[in-house]
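Single-letter residue listing:
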Amino acid sequence: MTFRVLVVAVGAACTAAVPARAQKPGSFEIGAFAAYLNADNSLPVGNALGFGGRVGVNALRYLSVEVDIASASKNGAKYRPLHVWLVYNVPPTSRAELSAAVGYVKNSYTGSYKANDSGIGGQVGVRQRFGKMLAVRLDGHADFMPSSANKSYLVSYNGNWGIALGVSALLNR
């Protein structure tokens, strides 16, 4: 009995350590996530938990284009960032995959505070695959808006950031 348990444990460990294949061009990812969104302190929008979704397509073997939108609200104000990312997926060495991205962000603030701004962002993340089609993903991003929504002589730019944890379906891999 102990020998069988040992064989099963070693087999499971070897399966988890098998390198994942790289994405092929034309494959795509669809996912949903929960997020903590932190708006710049100069904005009258509170920091809050929210939710969002993403869709991405691999243009090249390790390069993909991704769009995500999230939404969070607090104290009557709603914060909705829309990102378009150019993502570099680090060649995988296991079922865990790292990524780094740069992109464009368009922020909408509605409710008790109405404004819009846009800028550039950066993102880093890790994706842990479970099987061929399912993954859990953790991302962190920071956005810089050189032309802020609340522009004044005291505020010339805004910086927002967020952390997202979600699940993804990896299709056509």
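Everything quoted here is computed from the prediction, not taken from an experiment. (Residues numbered from 1 in each chain as written. Predicted model: local features only at pLDDT ≥ 70, side-chain atom pairs only at ≥ 80, totals over all residues. Heavy atoms only, no water.)

S.K.: So what's going on with the overall build of the protein chain? Residues and values would help.
M.R.: If you tally the helices and strands in the protein chain, you get one helix and eight strands. Its helices and strands taken in sequence order, the protein chain reads α-β-β-β-β-β-β-β-β from the N to the C terminus. Within the protein chain, buried positions represent 39% of all 173 residues. Residue pairs at least 24 apart in sequence account for 57% of intrachain contacts in the protein chain once pairs closer than 6 positions are excluded. (Helix = DSSP H or I, 4+ residues; strand = E, 2+ residues; numbered from the N terminus. Buried < 20%, exposed > 50% of the residue type's maximum accessible area, 1.4 Å probe, protein only. Contact = heavy atoms within 4.5 Å.)

S.K.: Outline the side chain of Arg54, listing residues and values.
M.R.: Its place among the elements puts Arg54 in strand S2 (residues 48-58). Of the residues examined, Arg54 reaches a relative accessible area of 5% and is grouped as buried. Separated by 2.7 Å, the side chains of Arg54 and Asp139 make a polar contact. (Polar contact = N/O pair within 3.5 Å; in protein donor to acceptor, adjacent residues only side chain to side chain.)

S.K.: Hey, could you go over the side chain of Asn38 for me, with residue numbers and the actual values?
M.R.: If you trace the backbone, Asn38 turns up in strand S1 (residues 28-38). Look at Asn38 and you get buried, because its relative accessible area is 12%.

S.K.: Just give me the short version of the sheet that holds strand S4 (residues 77-89), but keep the residues and values in it.
M.R.: In spatial order, the strands read S1-S2-S3-S4-S5-S6-S7-S8; together these eight strands close into a barrel with antiparallel pairing. Between one strand axis and the next, the sheet turns through 25° on average, direction left out of account. Note: S1 against strand S8 (residues 158-171), eleven bridges, orientation antiparallel. Residue pairing for S8: Ile30 is matched across the bridge by Ala169. (Pairing = 2+ DSSP bridges. Axes fitted to C-alpha atoms, helices over the stretch in contact; angles between N-to-C directions.)

S.K.: Tell me what's going on with the environment of Leu43, and back it up with residues and numbers.
M.R.: Position of Leu43 among the secondary structure elements: in the loop between S1 and S2. Note on Leu43: relative accessible area 6%, which makes it buried. For the pair Leu43 and Ala149, spaced 106 residues apart in the sequence, the C-alpha separation amounts to 8.2 Å.

S.K.: Kindly report on the pairing of strand S5 (residues 96-111), identifying the contributing residues and their values.
M.R.: Pairing analysis gives 13 bridges linking S4 to S5, with the strands arranged antiparallel. Residue pairing across strands places Val87 opposite Ala101, the latter belonging to S5. Between S4 and S5, which follow one another and run antiparallel, lie six residues. In this sheet, strand S6 (residues 115-130) lies alongside S5 in antiparallel orientation, the contact comprising 14 bridges. Looking across to S6, one finds that Ala101 is bridged to Gln123.

S.K.: Give me the lowdown on the pairing of strand S7 (residues 134-147), citing residues and values where you can.
M.R.: Sheet topology places S6 next to S7; twelve bridges connect them, and they run antiparallel. Among the inter-strand pairings, Gln123 is bridged to a residue of S7, identified as His141. Connecting the antiparallel pair S6 and S7 is a turn made up of three residues, with Gly131 showing a positive phi of about 80°. Taken together, the twelve bridges between S7 and S8 define a ladder with antiparallel strand orientation. Bridging across to S8, Met145 finds its partner in Asn158.

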